[in-house]
Each structure stands twice: as structure tokens, then as C-alpha cells.
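Chain by chain, the residues:
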Amino acid sequence: MIRTNLILASSLLTLGLTAAGTSMANAADLGGDCCADLEERIAELEATTVRKGNRKVSLTISGYIAQEITVWDDGQESNAYIHGLGPTQASHIKLGGQAVIAPGWTAGYLLRIQDLTGNAFSGGTAGVSQSTSTRNDNLNTQMSYWYVQSKELGKVSVGRLAHAAKSAGMFTDLSGTQIIDNYTFLDGFPNFQLRASSGAPTSLTWGQLGFCYTQGAPLGGDCNGIVMNGVRYDTPTFAGFSASASWGEDDFWELAARYSGEVAGFKVAAGIGYTVMNDENTSIAVPAAHKDSEFFQAGVYIQHIGTGLFVHGIYGEEDNNGTALTSGLIEPNSDQYYVKAGIRRKVLPLGATIVYGDYARYNDQLGPAAINQGATSSVLERMGGGIAQEIDSAAMTVYLKYQHYQADIDGIAALESLEDADFVSFGGLINF
């Protein structure tokens with residue numbers, strides 16, 4: 001009996017070892033094919049992966065794509081154009097990162113490249129107009145700077161950057177519509193010709209009634225909102241408050257203060273900025289011997305958290321200190337103000353819905369061409385509104401907006417009565 005059992009156990013052991021050997025051999029063959037395929041896939045992935053230069057400094061890639069379709073009517077002619085949102089708000093890609101120097105100290109960088117292939121705005125005379133449906137300014141390096149930051153002492157940045165007072169008033173708009181609709185002409189059509197009430201086109205454009213001498217361009221509002229080379233310092237944030245100062249070459253400087261927080265059930269943001277500009281290189285379209293412009297701006301945003309009702313307002317004032325054009329005529333002092341009000345609520349599962357109306361007024365912002373033709377004062381009004389729908393799952397906003405332009409000019413008899421202009425835009429913005 002014992003012998004029989006030993007023979008049976010030996011037979012089972014032999015069968016087990018044979019089966020195990022066969023399985024191991026098969027697994028080895030399969031594993032060879034599997035690993036070869038895996039190595040090939042890894043090599044393919046490495047070939048298509050963004051590589052960092054080193055392991056010490058982080059790399060973050062972000063940005064957004066924004067495009068819109070605008071149907072316009074200038075009182076005599078109408079058409080439809082596809083375009084981007086203009087300089088500073090255009091589609092772009094950002095590469096940024098930082099590294100820890102010591103506890104509480106970091107160093108970092110930012111490179112922002114914007115896509116101006118569908119740019120509607122021009123600081124000169126070659127922008128999109130009734131006769132020009134598209135403008136291609138290609139890719140543009142908008143920002144490129146490095147910084148060193150201390151949690152206790154603040155941040156110093158050097159390079160091509162947004163200066164201290166850039167958009168201090170405009171960036172207080174927290175409604176979710178600041179990028180797609182604001183008081184500048186960057187996403188609009190300042191190079192559209194004005195039409196006399198007879199329907200005849202004139203030699204002046206809408207931008208000549210919203211001109212900023214600080215930058216020498218028809219910006220409408222935010223008169224020094226262009227990125228330039230310089231050095232900027234930002235304080236740490238204390239109880240929602242912060243301050244900034246910057247200097248740019250040959251020669252301008254800015255000061256600004258900002259606040260963001262919640263007060264008694266309201267979301268509040270406020271900003272104030274002051275610019276002194278003496279750099280003649282910013283005179284894109286100003287025939288003047290020198291530059292002496294000052295620009296003050298202030299903005300506020302208040303939103304009731306419970307209902308989503310909000311109001312946003314900006315005031316800007318430019319003083320050109322009696323600077324004369326080469327014609328001998330004087331650059332005017334001017335001011336502008338802007339109000340946006342509406343409601344931001346999540347009424348759909350997609351995300352927040354924003355409904356708003358807005359109004360902007362530009363007083364005596366006469367450009368050189370208007371002054372040299374005899375204009376003595378002007379009022380440009382822009383009114384409209386829109387609806388925007390955020391799509392949280394896609395980090396996207398789609399929107400529909402309307403803008404109506406009307407103006408009065410004194411000093412030029414042929415232009416004392418002008419046609420109005422209307423713009424209706426449908427667009428989308430997706431973040432990445």
C-alpha cells in the first residue's frame with residue numbers, strides 16, 4: 001500500500017514539473033513579445049513628450065483659444081467677419097514654472113506667445129475695416145520675463161511684462177465676461193470708417209474718437225494696457241490688499257493698488273493705477289516731437305454672492321500736458337467711463353450663465369487725424385450687452401454679444417451728423 005502511494009506521488013510530481021516547465025517556456029515566449037511591444041510603445045511616447053530642460057524648475061503649459069464671428073452694419077453696408085480678440089486678449093499659449101531657492105523664496109519665469117493671425121485691431125491705419133476683412137500679424141511673443149519672489153518681501157520681475165497699472169480697472173471685472181466684452185477696442189473695429197448721415201464714407205475712423213496718446217493708439221479705454229519691457233515690483237497680499245510699481249526704459253513708470261475679497265455677503269474687487277509716459281517709441285500713430293502723457297484709472301466690481309447680481313464700473317482720465325502735434329495743434333485731455341451690470345447664476349447643469357448690459361462713453365478722445373481736420377470736441381458712446389454660457393466640463397465659454405456705436409463731433413461741419421454702427425458677435429473661448 002505504501003509502495004503504491006509512493007509510485008502515485010512520484011507520477012504526480014513528474015506531471016507537475018513537466019506542466020510547470022511548459023508553462024514557464026510559454027510565458028517566456030509571450031513575455032518576450034509583450035516586452036518588445038511595450039518598449040516600442042514607451043519609445044514612441046518619449047518621442048512625442050514635451051521634455052523639461054532640468055528637474056529643478058517646473059514647467060506648466062496653459063492658455064486658451066478664442067475666436068468669434070461678427071456681423072456688422074455701418075448704416076450703408078453690412079458683412080460678416082471671423083476674427084480673434086485682439087492684442088493682449090488673443091488666443092495664446094503660456095509656458096511658466098518655478099523652483100524653490102530656499103524656504104519662502106522662489107524663482108520663476110513666464111513665456112506667453114499670442115496668435116494674431118486673425119487680429120481685427122491695428123494701432124495704425126491697416127486694420128480690419130469695411131474694405132479689409134482680415135489681418136494677419138502672425139505669432140507674437142507678448143511676454144517673456146523672469147522673477148524672484150519672497151513670501152514676506154514680495155516679487156520682482158524683469159523682462160517683457162505687464163506693468164504695474166496695466167488694466168488695473170478692467171481686470172476687476174469678475175463676472176466671467178471681461179475677456180470677451182470690455183471697454184477697449186482691442187477686439188473691435190477702430191479702423192472702420194465713419195459715415196456721414198448722407199451715407200458717404202469719411203476719411204476718419206471710429207478709433208479717432210477713442211484715441212489714447214499714452215500708447216499712441218485707438219485703444220478706447222485702458223490707455224496703457226500694452227505689454228512692454230521693464231522692471232516690476234509687487235508687494236505680498238495683506239488682507240486682500242496689494243500694491244505694485246514698475247519702470248520701463250526711456251522712460252515711463254507706473255503705480256497701482258488692488259483689493260480682492262468678500263465683504264458682508266458681497267464679492268468685491270477694486271483697482272487703481274497711475275501712469276507717466278515719456279517714451280516716444282510708444283507713439284505708433286502720433287506725429288509729435290515728444291511724449292508727455294499721464295493716465296489715471298480706477299475700477300470696481302461688486303457681486304451679491306446669494307443672488308449673483310453684479311455691477312462693474314471703470315473711470316479713466318488722460319492728461320497730455322499741452323503737448324503739441326507737429327501741426328502745432330494740441331493733444332487734448334480726455335476721459336472715459338464704463339458700466340456693466342447683470343447677473344451670474346448657475347441655471348443649467350453646464351455651468352454659470354451670465355446675462356449683462358453695458359455702456360461706455362469716450363469724451364474728447366480725438367486722434368491726430370481728427371484734430372488736424374479741425375475737430376474740437378467729441379463724444380463716442382458704445383452700448384450693448386450679451387449672454388455667456390460657461391461649460392465647466394470643457395473649461396469653455398460660448399457667448400453672444402451686441403454693440404451699438406454712435407458719435408458726435410464738433411468743429412467739422414461735414415461730420416456733425418454721423419451714421420451709427422452695429423456689431424453682433426457669436427464666439428467661443430476654451431481654456432487648456
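Residues numbered from 1 in each chain as written. Predicted model: local features only at pLDDT ≥ 70, side-chain atom pairs only at ≥ 80, totals over all residues. Heavy atoms only, no water.

Details of the overall build of the chain
No. 1: From N to C terminus, the chain includes two helices and 19 strands.
No. 2: Here the chain holds 432 residues, and the buried ones make up 45% of them.
No. 3: Put simply, of all contacts in the chain between residues at least 6 apart along the chain, 63% involve residues at least 24 apart.
No. 4: Carbon and sulfur atoms make up 61% of the accessible area of the chain, which amounts to about 20500 Å² in all. (Helix = DSSP H or I, 4+ residues; strand = E, 2+ residues; numbered from the N terminus. Buried < 20%, exposed > 50% of the residue type's maximum accessible area, 1.4 Å probe, protein only. Contact = heavy atoms within 4.5 Å. Areas by Shrake-Rupley, 256 points an atom, 1.4 Å probe, with all protein chains shown as cover.)

Details of the packing of aromatic side chains
No. 1: Applying the stated criterion across every chain yields a total of 16 aromatic pairs.
No. 2: A ring pair is formed by tyrosine 405 and phenylalanine 423, whose centres lie 5.2 Å apart and whose planes are at 55°; its orientation type is tilted. With tyrosine 405 in strand β18 (residues 396-410) and phenylalanine 423 in strand β19 (residues 421-431), this residue pair connects regions lying 18 residues apart in the sequence.
No. 3: The buried category is assigned to tyrosine 405, whose relative accessible area is 3%.
No. 4: In this structure an aromatic cluster arises from ring pairing among Trp72, Tyr81, Phe185, Phe189, Phe192, Trp206, Tyr362, Tyr405 and Phe423.
No. 5: The cationic tip of lysine 155 hangs over the ring face of tyrosine 147; the distance from NZ or CZ to the ring centre is 4.3 Å.
No. 6: In this structure, lysine 340 packs its charged tip against the face of tyrosine 356, placed 5.2 Å from the ring centre. (Phe/Tyr/Trp six-rings, centres within 6.5 Å; stacked < 30°, edge-to-face > 60°. Lys NZ or Arg CZ within 6 Å of the ring centre and 35° of its normal.)

A look at the nonpolar core
No. 1: Phe192 and Trp206 are the most contacted members of the largest nonpolar core, which totals 34 residues.
No. 2: Tallying contributions element by element places β18 first for this core, with three residues.
No. 3: In contact with phenylalanine 192, other than residues within four places in its own chain, are Trp72, Tyr81, Val128, Ser129, Gln130, Leu204, Thr205, Trp206 and Phe423.
No. 4: Core analysis: the next-biggest nonpolar cluster, separate from the first, contains 12 residues, Leu85, Phe310, Tyr356 and Tyr399 among them. (Core = buried A, V, L, I, M, F, W, Y, C linked by side-chain atoms within 4.5 Å.)

Side note on the environment of glutamate 254
No. 1: Here glutamate 254 is to be found in strand β11 (residues 252-263).
No. 2: By relative accessible area, glutamate 254 is classed as buried at 1%.
No. 3: Each C-alpha atom of the pair glutamate 254 and arginine 232 lies 9.1 Å from the other, and the pair is 22 residues apart in sequence.
No. 4: Filtering out sequence-adjacent residues up to four positions away, glutamate 254 remains in contact with His163, Ala164, Ala165, Lys166, Asn224, Ser244, Ala245, Ser246, Tyr274 and Thr275.

Some words on the environment of glutamate 390
No. 1: Its location among the elements puts glutamate 390 in strand β17 (residues 377-391).
No. 2: Separated by 41 residues in the primary sequence, glutamate 390 and proline 349 place their C-alpha atoms 9.9 Å from one another.
No. 3: Apart from residues no more than four positions distant in its own chain, glutamate 390 is found in contact with Gly176, Arg344, Leu350, Gly351, Ala352, Ile354, Met396 and Thr397.
No. 4: Within the local environment of glutamate 390, its side chain forms a polar contact with the side chain of arginine 344, the two groups lying 2.8 Å apart. (Polar contact = N/O pair within 3.5 Å; in protein donor to acceptor, adjacent residues only side chain to side chain.)

A short note on the state of the cysteines
In a disulfide, the sulfur atoms of two cysteines are covalently bonded to one another.
No. 1: Throughout the structure, instances matching the rule amount to one disulfide.
No. 2: Each sulfur in the disulfide pair cysteine 212 and cysteine 223 lies 2.1 Å from the other. On the S-S bond that ties cysteine 212 to cysteine 223, the torsion sits near -55°, and the link is left-handed. Taken together, the residues cysteine 212 in the loop between β8 (201-205) and β9 (228-234) and cysteine 223 in the loop between β8 and β9 connect sequence positions 11 residues apart. Exposure class is identical for cysteine 212 and cysteine 223. Each is buried. (Disulfide = S-S within 2.5 Å.)

Overview of the pairing of strand β10 (residues 241-248)
No. 1: The pairing of β9 with β10 spans four bridges and is antiparallel. By the bridge assignment, valine 231 is partnered in β10 with tryptophan 247.
No. 2: Once β9 ends, the chain turns through six residues before running back antiparallel as β10, passing alanine 239 with a positive phi of about 50°.
No. 3: Of the strand pairs in this sheet, β10 and β11 are connected by eight bridges, and their pairing is antiparallel. Bridge pairing in β11 places alanine 245 opposite leucine 255.
No. 4: Linkage of β10 to β11, two consecutive antiparallel strands, is achieved through a turn of three residues, within which aspartate 250 is found at a positive phi near 50°. (Pairing = 2+ DSSP bridges.)

Some words on the pairing of strand β14 (residues 309-319)
No. 1: Where burial is concerned, the two faces of β14 differ: the one with Phe310, His312, Ile314, Gly316 and Glu318 is buried and the one with Leu309, Val311, Gly313, Tyr315, Glu317 and Asp319 is not.
No. 2: Sheet topology note: the strand β13 (residues 293-304)/β14 ladder contains 10 bridges and is antiparallel. Residue pairing across strands places phenylalanine 296 opposite glutamate 317, the latter belonging to β14.
No. 3: Connecting β13 to the next strand, β14, in antiparallel fashion are four residues, including glycine 308 with a positive phi near 85°.

Examining a nonpolar patch on the surface
No. 1: A contiguous nonpolar patch, built from Ile69, Val71, Ile82, Val355, Ile387, Leu400, Tyr402, Val424 and Phe426 and spanning about 780 Å² of accessible area, is present on the exposed surface.
No. 2: Those elements giving two or more residues to the nonpolar patch turn out to be β1 (60-73), β18 and β19.
No. 3: If you trace the backbone, isoleucine 387 turns up in strand β17. (Patch = residues over 30% accessible without salt bridge, like charges linked within 9 Å, V, L, I, M, F, W, Y side chains within 5 Å. Salt bridge = Lys/Arg side-chain N within 4 Å of Asp/Glu carboxyl O.)

A word on the pattern of salt bridges
No. 1: Enumeration according to the criterion identifies 11 salt bridges in this entry.
No. 2: Here lysine 401 ties to glutamate 68 by a salt bridge, and the two come within 3.6 Å at their closest N and O atoms. Taken together, the positions of lysine 401 in strand β18 and glutamate 68 in strand β1 put the pair 333 residues apart, joining distant regions of the chain.
No. 3: The exposure class assigned to lysine 401 is buried, which follows from its relative accessible area of 4%.

What to know about the confidence of the model for the chain
No. 1: The share of residues in the chain with pLDDT of 70 or more is 88%, and the mean pLDDT across the chain is 89.
No. 2: pLDDT under 50 marks residues 1-31. Its contacts with residues more than four places away, or in other chains, come to zero contacts. (pLDDT = per-residue confidence, 0-100.)

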